[in-house]
Every structure is written in C-alpha cells, then in structure tokens.
Amino acid sequence: MLINNSSLSRSLLLFATLVLIGISCSSSDEFTGFSYDPEGATVTTDKEIQDQHKRIIGVNDRSIWISNEFLGARMSNFYQVNDTLYRVVIEPENHPINGSPWYAFKIWSDTSRTIDLQLSYKHADHRYVPKLSTNGQQWRTIDTTNYRPDTLNGTATLSLELHQDPLWVSAQELFTNKDFKHWADSLATRSWVSLDTVGYSHDRRPVTKITINQTDSTEKHGVLIITGRLHPPEVTGGLASKFFINQLVSDSSIAAKFRQEFEIWAYPFANPDGVQRGHWRHNAAGVDLNRDWKAFNQPETQAIRDDLLSLQDDSLRKVYYGIDFHSTNENIFYPIKKNISTFPEDFTYGWIDSLKTKFPNYPIEVEPFDTSSPITKNWIYHTFGADAVTYEINDAANRDSLQTVTKKSAHIIMQQLLKAKQKAERVE
Ligand SMILES: [Zn+2]
C-alpha cells in the first residue's frame, strides 16, 4: 500500500494525539478539542459567520407561511416537497461546529390543515425533540405519534396541525435575553441582590453579573462563582442555573446563613448575542466561548475574566467553588480529577455523593477530567486554586424533576461550602 506524505503525517498526528490523550496532556500542550469538537472548532479568534436572513416565506400558492422574525429564531429556508410534505432547512452560524442544531420558527396556514414538516440540517443531524407553543410562552413537547426522527438521514418529520394563528416550533422552550432580564430584575428587588454590567458583547449587549451578598464586608468570606449559557441552545442548563440561583436568593434558613458567609458572583447569561441570534453554539464572532478561557480573544470571556480577577488580591474574599452550567444528552458532572489538588479538596465528589443518596433513581453520571482544556472551570481552578465543576443537564430532562434536583443540589452545596469554610478557618 502506498502512503503519501500527507497521509503519513496525518497518521503520525493521529498517533501523537492518541499518545497525548493516553497520558493526559499537560497544560502547556495546545488544546485540540474534546472528542466531540470538530477540527478547528476550538480556535477562538474571530471567524466569519453567515447572518440569518430574517423573513417570512409563503409556499403552496402563498397559503402556508413560516417566519423567523423573532428573537432566538433560526430557520434558513422553507420548501413545499409535495402535496402534504414540506421541508424546513436549518443552517448554523458557521462551521466547523458542534452538533447542537438549534431551530425556532413560527408556522401557520390560511386554512386549517395537517401537514408533514421535515426538519433538515446542514452540518449536523437532528437532535432536539420539538417543543410547541401557541403563544411563545407556554410550551409542550410534541406528541411522539406526531414525531418521526430519521437517524439514518439526520432529519425528523413532524405532523402538525396548522391554523391561521401561528404555531411556534422550537428545539427547546425559548429563554431569551428578555426572559433573562425579567428574571434578573425580579431577583434584584431583594436588598441582597445587585445587577451590574461587566462588559459588552460584539453586538453591544450587556454581559450581566448578578451579585448576591449579605456578608459583613469587613470579615473574611467565601466566594461562589457561577457561569452559564455560554452555549445558546443549552436551555436546560440555563434553567438549572436559574433554579439554583433562586435557591441562593431565597428566604430559606440555609440560604440566609450562606449569604452571611459567602458572596455569589454569577454570570448566568454569558452569550447574549448567540441566544438572540438563534445560534447553535457560538457568539457573534462565530467562536465557542467555552474554548476561550486561555486565549481570551472574545469580549464576553474577557469581561467575565476581568471582573473575576479583582478577587485575586483580595485578602477578605476567597474563592471556594465554581459552577459552569451546560446541557448535553445526559445528566453528567465533569469534576476535576482527584489526583489534582484543589481547595476545598474533592469538593465536587462530596456533594454529588450526597445528591445521589438523596435521589438514588435519578440518573447522574460523573466523568472526571484533567485541567488542561481552555474551559471556564479550568480557568477558575488555575486562577484561584479552587475546585470547580461543569454541571451538564440532559436536554430532555423532565422540567419538574430538573427543578427538584437542582433545588436539592443548591441546598447540599450551600451546606457543604459552609462546612468547608468552617474547616478551613479552624486550620487557620
Ligand atoms: Zn455547553
């Protein structure tokens, strides 16, 4: 068999990559991505993106209509295939890109009728089970009888009843900048919550910080860092961060006690442009923000970093923990490997054990990682020595269970952080 130079160098590269993975690379090695990152997707300098053409399209003698003219929408094109079958084409903001193909559009018909609608993608396969709404506020998952995913072709076909009033079809329920602002403003009615703008995105949207604090500012206290929604379609992670923060703000006795000892610095809506533009993964410069925590090429990551760096030489504030909320196809926590020393030591493992004891039947996976990749959690560890976790919620999580489990997580984490602080102060 002939091996040309380029395939030989590719083989060597593959071999070198496998060796690196095998021995787990040190922080000085260049990060080339997780197994699910397509080649080139981890570069964080500005890239070209394809702007979505906002429009209303009418087909079938202009009797069936589709629209992407709302915040968070994504719909690239719409065709009639035959008498009953229609096709929506969904394209990403740019590629290579991870396979999280977000879609959201409104569809209606001049006369009531049932159609088959195929969701067809460029650069990814179908992933999200459609959510339907008649007002963009209340959502339900499509009935399984009306939903036929085709894993071979990476498409899905939906049977939809159309009427004159628009039906909203979306990868997940919409949770846009407006919803975030509404929620954040409602928190800020409490005297212990304040909102700040720590920087601006490419499109000049604010990067918002929620500070929760009732400490005595002259006494030493801990800091809990929260980040979220770096990836726009990750709505379940966004909901988890919301439920989590609601617990920290609440009137419960544990939360009141926690706020005396810990400040919370939260940035739960870190990619406002990506959400608003209906992106699959990236910000307005086509970059994955959770790969930019070494290079810091992007304004959103720079803004959060610069704000957090003020904690570095603060003799009264000590960072104890960082949580970065995401979503994937299972409930999975990515802690820092046990052989890496953190403060507090192995904190993540402790609270996950308690959570599993509390919900023995709730599926929770744990996959430890080293700290070499340029992601939020690792920057928190490298900067403050603190333990940190990537907290991933299943895309398909039942929203009520998600709320129950997240509430309990918050409770356990508050309890255990208070204990860790007591212990640390005894040692001092
Ligand atoms: Zn993510």
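Residues numbered from 1 in each chain as written. Predicted model: local features only at pLDDT ≥ 70, side-chain atom pairs only at ≥ 80, totals over all residues. Heavy atoms only, no water.

Participant: Looking at this structure, how should I read the overall build of the chain?
Facilitator: Across its full length, the chain holds nine helices and 19 strands. Since a compact globule built from 428 residues should have a radius of gyration of about 22 Å, the 23 Å found for the chain is in line with a globular shape. Its C-alpha atoms give the chain principal-axis dimensions of about 75 × 65 × 45 Å. When each of the 428 residues of the chain is scored for burial, the buried share is 54%. Counting only contacts in the chain whose residues sit at least 6 apart along the sequence, the fraction spanning at least 24 positions is 75%. Of the roughly 19,500 Å² that the chain leaves accessible, carbon and sulfur atoms contribute 49%. On the chain, the mean spot of the 44 positive side-chain charges and the mean spot of the 52 negative ones are 3 Å from each other. (Helix = DSSP H or I, 4+ residues; strand = E, 2+ residues; numbered from the N terminus. Rg over C-alpha atoms; globule rule 2.2 N^0.38 Å. Buried < 20%, exposed > 50% of the residue type's maximum accessible area, 1.4 Å probe, protein only. Contact = heavy atoms within 4.5 Å. Areas by Shrake-Rupley, 256 points an atom, 1.4 Å probe, with all protein chains shown as cover. Lys, Arg positive; Asp, Glu negative; His and termini not counted. Charge placed at Lys NZ, Arg CZ, Asp CG, Glu CD.)

Participant: Would you mind showing me how to read the sheet that holds strand S1 (residues 56-59) here?
Facilitator: Adjacent strands of a sheet pair through backbone hydrogen bonds, lying either parallel or antiparallel. The six strands are arranged S1-S2-S5-S11-S7-S8 in an open sheet whose pairing can be described as antiparallel. The sheet is open, and its two borders are formed by S1 and strand S8 (140-141), each paired with just one other strand. Pairing of S1 with strand S2 (residues 64-67), which is carried by four bridges, proceeds in the antiparallel orientation. When the bridges of S2 are listed, Ile57 appears paired with Ile66. (Pairing = 2+ DSSP bridges.)

Participant: Looking at this model, I keep getting lost on the coordination of the zinc ion. Mind explaining?
Facilitator: When a metal carries six donors in an octahedron, the ideal angles between them are 90 or 180 degrees, while four donors in a tetrahedron ideally lie at 109.5 degrees. Protein-derived ligands of the zinc ion are His231 (ND1), Glu234 (OE), Glu234 (OE) and His326 (ND1), with the metal-ligand distances lying across 2.1 to 2.4 Å. Each of the four donor atoms bound to the zinc ion contributes to angles spanning 57 to 146°, and the resulting shape is irregular. All donor residues of the zinc ion come from one chain, and their arrangement in sequence is H-x2-E-x91-H. Note that Glu234 is positioned in the loop between strand S14 (221-228) and helix H3 (235-249) and His326 in strand S16 (residues 317-328), a separation of 92 residues in sequence. Accessibility classification places Glu234 together with His326 in one group, the buried group. (Donors = N, O, S within 2.8 Å, 3.2 Å for Na, K, Ca; no water. Tetrahedral: all angles 85-135°; square planar, octahedral: opposite > 155°, others 65-115°.)

Participant: Help me understand the packing of aromatic side chains in this model?
Facilitator: Two descriptors summarise a pair of aromatic rings, namely the distance from one centre to the other and the angle between the planes of the rings. Overall, the coordinates contain 26 aromatic pairs when judged by the stated rule. Judged by centre distance (6.4 Å) and plane angle (55°), the ring pair of Tyr103 and Tyr121 falls under tilted. Here Tyr103 is found in the loop between strand S4 (85-90) and strand S5 (104-109), whereas its partner Tyr121 is found in strand S6 (residues 113-121), with 18 residues between them in sequence. Here the two residues Tyr103 and Tyr121 agree in accessibility, since each one is buried. (Phe/Tyr/Trp six-rings, centres within 6.5 Å; stacked < 30°, edge-to-face > 60°.)

Participant: What is the right way to look at the pairing of strand S12 (residues 193-200) in this model?
Facilitator: As paired strands, S12 and strand S13 (residues 206-212) are joined by seven bridges and run antiparallel to one another. Residue pairing for S13: Ser194 is matched across the bridge by Thr211. Here S12 hands over to S13 after five residues, with Arg204 in that stretch at a positive phi of 65°.

Participant: Before we go on, may I ask you to explain the domain arrangement of the chain in this structure?
Facilitator: Reports of interface size often rely on the accessible area that becomes lost once the parts have come together. Per the domain assignment, the segments of the chain are domain 1 (56-170) and domain 2 (177-427). Measuring from the centre of the C-alpha atoms in domain 1 to the corresponding centre in domain 2 gives 33 Å. If you look at the interface, domain 1 gives 22 residues, while domain 2 gives 17 residues. Between domain 1 and domain 2, the buried area comes to about 1,500 Å², and carbon and sulfur atoms account for 53% of it. The interface formed by domain 1 and domain 2 holds one salt bridge in total. In this structure, Arg127 and Asp395 form a salt bridge, with 2.9 Å as the shortest nitrogen-oxygen distance. If you look at where domain 1 meets domain 2, you find eleven residue pairs in polar contact (both at pLDDT 80 or more). In the side of domain 1 that touches domain 2, the residues fall into eleven nonpolar, five polar and six charged. (Domains from an automatic or database assignment. Buried area = accessible area lost by both parts, 1.4 Å probe. Salt bridge = Lys/Arg side-chain N within 4 Å of Asp/Glu carboxyl O. Polar contact = N/O pair within 3.5 Å; in protein donor to acceptor, adjacent residues only side chain to side chain. Nonpolar A, V, L, I, M, F, W, Y, C, P; charged D, E, K, R; others polar.)

Participant: How do you make sense of the nonpolar core when you look at a structure like this?
Facilitator: A general feature of soluble globular proteins is that nonpolar side chains tend to end up buried together. Counting 88 residues, the largest nonpolar core has Phe78, Phe105, Ile107, Leu160, Leu224, Tyr321 and Trp351 as its most contacted members. Of all the elements, helix H9 (residues 399-427) adds the most residues to this core, at ten residues. Counting 19 residues, the second largest nonpolar core, distinct from the first, contains Ile225, Tyr267, Trp293 and Val319. (Core = buried A, V, L, I, M, F, W, Y, C linked by side-chain atoms within 4.5 Å.)

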